[in-house]
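The lines below spell out each chain.
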Amino acid sequence: MVAVFIVVTAIYGHPLLPIDDGYTTLHDAQVLILHGGHDPNYAGVSPLDGETSLVHLALLTLLVPIGGEWASYLVSWLAVLVYVLGVVRLARLFRIGQGSTVGAVVVALLSGAIGYQLLNGMETGLAMATVVWLLALAIERRHIVWLGLLSGVAPFVRPELGLLAALLIVAVSWQLARAGEYRRVLILVCAALVGAAPWIIWSYLATGHLLPTTVSAKAAWFAEQGLPKRTKLHYTWVSVGHF
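What comes next concerns the included structure. These numbers were taken from a predicted model, which means no experiment stands behind them. (Residues numbered from 1 in each chain as written. Predicted model: local features only at pLDDT ≥ 70, side-chain atom pairs only at ≥ 80, totals over all residues. Heavy atoms only, no water.)

1. Notes on the packing of aromatic side chains
Two descriptors summarise a pair of aromatic rings, namely the distance from one centre to the other and the angle between the planes of the rings. We count it as follows: Aromatic pairs are defined between Phe, Tyr and Trp rings, using the six-membered ring for Trp, whenever the two ring centres lie within 6.5 Å; interplanar angles under 30 degrees are classed as stacked, those over 60 as edge-to-face, and all others as tilted. Helix and strand labels come from DSSP, where a helix needs a run of H or I of at least four residues and a strand needs a run of E of at least two; each type is numbered from the N terminus. Three exposure classes are used, based on accessible area relative to the maximum for each residue type with a 1.4 Å probe and protein chains only: buried under 20%, partly exposed in between, and exposed over 50%.
Taken as a whole and judged by the stated rule, the model has three aromatic pairs. A ring pair is formed by Tyr 73 and Trp 77, whose centres lie 6.2 Å apart and whose planes are at 75°; its orientation type is edge-to-face. On the criterion of helical spacing, the pair formed by Tyr 73 and Trp 77 is a turn pair, its members being four residues apart in helix α4 (residues 68–93). There is no split in this pair, since Tyr 73 and Trp 77 are both buried. When the ring of Trp 199 is compared with that of Trp 202, the centres are 6.1 Å apart and the planes differ by 50°; the resulting orientation is tilted. Taken together, the positions of Trp 199 and Trp 202, both in helix α10 (residues 182–207) and three residues apart, correspond to about one turn of that helix.

Laid out in structure tokens, this is it:
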């Protein structure tokens, strides 16, 4: 991964974020670290307002002092590393062999628009890494505490991952309960609450909301509430088809 990072960086030089969303998050991180959380351009508005991923914002904030786009670039590559390690972990769980594991990593990195999703300056790479590790930990069922902690953090990587995390907690809890391991069920649930707690507190103190306000922000930005019902249904079917 270090070699790939060096080659890609040498080819493209100074990192540039391909879409403005990445610069929006970078701006919010700069407000947090350089302006004490108070944006001089938007008085009374928290930099957390409208943010999709509090985890991505927090990591970006820690690295902002090294330079704007470079901070975003390094967070993206950190996500790539964690994502690849998760793919390798899944491959080992299914014992598919070393050659097939390499193939799985290549597919995981190069299929479709995955390269863009990993290096677009947004939280999508972290979301992909979170999904892979949630699946690995749920299939393995050995590290219940880590599964619980990651499940609690998942909605703050991307809100929709909360549904995946909840389903996995239910599935694993059911399997543990059938085996009579009720103590591990309790540990799993408590770990999830512990994993979510810091992010819930941060969100509530900054915005007054328990979860990220990205949905309301996107609704205001795209302003599609007044579109005809037929148009909304068309957009829905197109999105499902793309998925």
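After that view, the rundown keeps rolling.
2. Notes on helix α2 (residues 20–34)
What counts, and what does not: Take the residue count of a helix, subtract one, and multiply by 1.5 Å to get its expected span. Any two residues whose heavy atoms approach within 4.5 Å are treated as being in contact.
If you check α2, its first and last C-alpha atoms are 20 Å apart, about what 15 residues at 1.5 Å a residue would give, namely 21 Å. In this structure, the buried residues of α2 make contact with α3 (54–63) and α4.

3. Looking at the nonpolar core
Operational definition: We call a set of buried residues a nonpolar core when its members are Ala, Val, Leu, Ile, Met, Phe, Trp, Tyr or Cys and they connect through side-chain atoms within 4.5 Å of each other.
Leu 147, Val 157 and Val 172 are the most contacted members of the largest nonpolar core, which has 34 residues in total. Of all the elements in the fold, those that place two or more residues in this core are α2, α3, α4, α7 (124–140), α8 (144–153), α9 (161–178) and α10. Apart from residues no more than four positions distant in its own chain, Leu 147 is found in contact with Leu 134, Leu 137, Ala 138, Val 172 and Leu 188. Of all hydrophobic cores here, the second largest spans 17 residues; its members include Val 84, Val 87, Ile 114 and Met 128.

4. Describing the environment of Met 1
Mapped onto the elements of the fold, Met 1 is located in the segment before α1 (2–12). By relative accessible area, Met 1 is classed as partly exposed at 32%. Spatially, the C-alpha atoms of Met 1 and Leu 147 are 25 Å apart, while their sequence positions differ by 146 residues. Apart from residues no more than four positions distant in its own chain, Met 1 is found in contact with Trp 77, Val 80, Leu 81 and Val 84.

5. What about the packing of α9 against α10?
Pairs of packed helices are described in terms of their axes, by the angle between the two and the distance that separates them. Applied cut-off: Only C-alpha atoms enter the line fits that serve as axes; for helices the fit covers just the stretch in contact. Angles between N-to-C directions range over 0 to 180 degrees. Roughly parallel means an angle under 35 degrees; roughly antiparallel means over 145; roughly perpendicular covers 65 to 115; every other angle is labelled oblique. With the far helix as reference, a near helix turned anticlockwise by less than a right angle produces a left-handed crossing, and one turned clockwise produces a right-handed crossing. Three categories are distinguished: nonpolar for Ala, Val, Leu, Ile, Met, Phe, Trp, Tyr, Cys and Pro, charged for Asp, Glu, Lys and Arg, and polar for the others, with Gly belonging to the last.
Two numbers describe how α9 lies on α10: the axes approach to 8 Å, and their chain directions differ by 160°. On the basis of their axis angle, the class for α9 and α10 is roughly antiparallel. At the point where α9 passes α10, the crossing takes the right-handed sense. Where α9 approaches α10, its residues Ile 169, Val 172, Ser 173, Leu 176 and Ala 177 are matched on the opposing element by Tyr 182, Arg 184, Val 185, Leu 188 and Ala 192. A class-by-class count of the residues in the contact of α9 with α10 yields eight nonpolar, one polar and one charged.

6. A closer look at the pattern of salt bridges
Keep this limit in mind: Take a side-chain nitrogen of Lys or Arg and a carboxyl oxygen of Asp or Glu: if they are within 4 Å of each other, that pair is a salt bridge.
Applying the stated criterion to the full structure yields five salt bridges. With a closest N to O distance of 2.3 Å, Glu 123 and Arg 158 form a salt bridge. Highlighted residues: Glu 123 in the loop between α6 (114–118) and α7 and Arg 158 in the loop between α8 and α9, separated in sequence by 35 residues. Owing to a relative accessible area of 5%, Glu 123 belongs among the buried residues under this scheme. As a salt-bridge pair, Glu 160 and Arg 158 come within 2.7 Å of each other at their nearest N and O atoms. What you see here is one network of salt bridges that share partners, running through Arg 89, Glu 140 and Arg 142.

7. Let's talk about unusual backbone geometry
You will see that Arg 95, though not glycine, has its phi angle at about 50°, which is positive. Relative to the assigned elements, Arg 95 resides in the loop between α4 and α5 (98–110). Phi angles above zero are rare outside glycine, and Arg 141 is one such case at about 60°. Mapping Arg 141 onto the fold places it in the loop between α7 and α8.

Shape descriptors only; they carry no functional weight alone.
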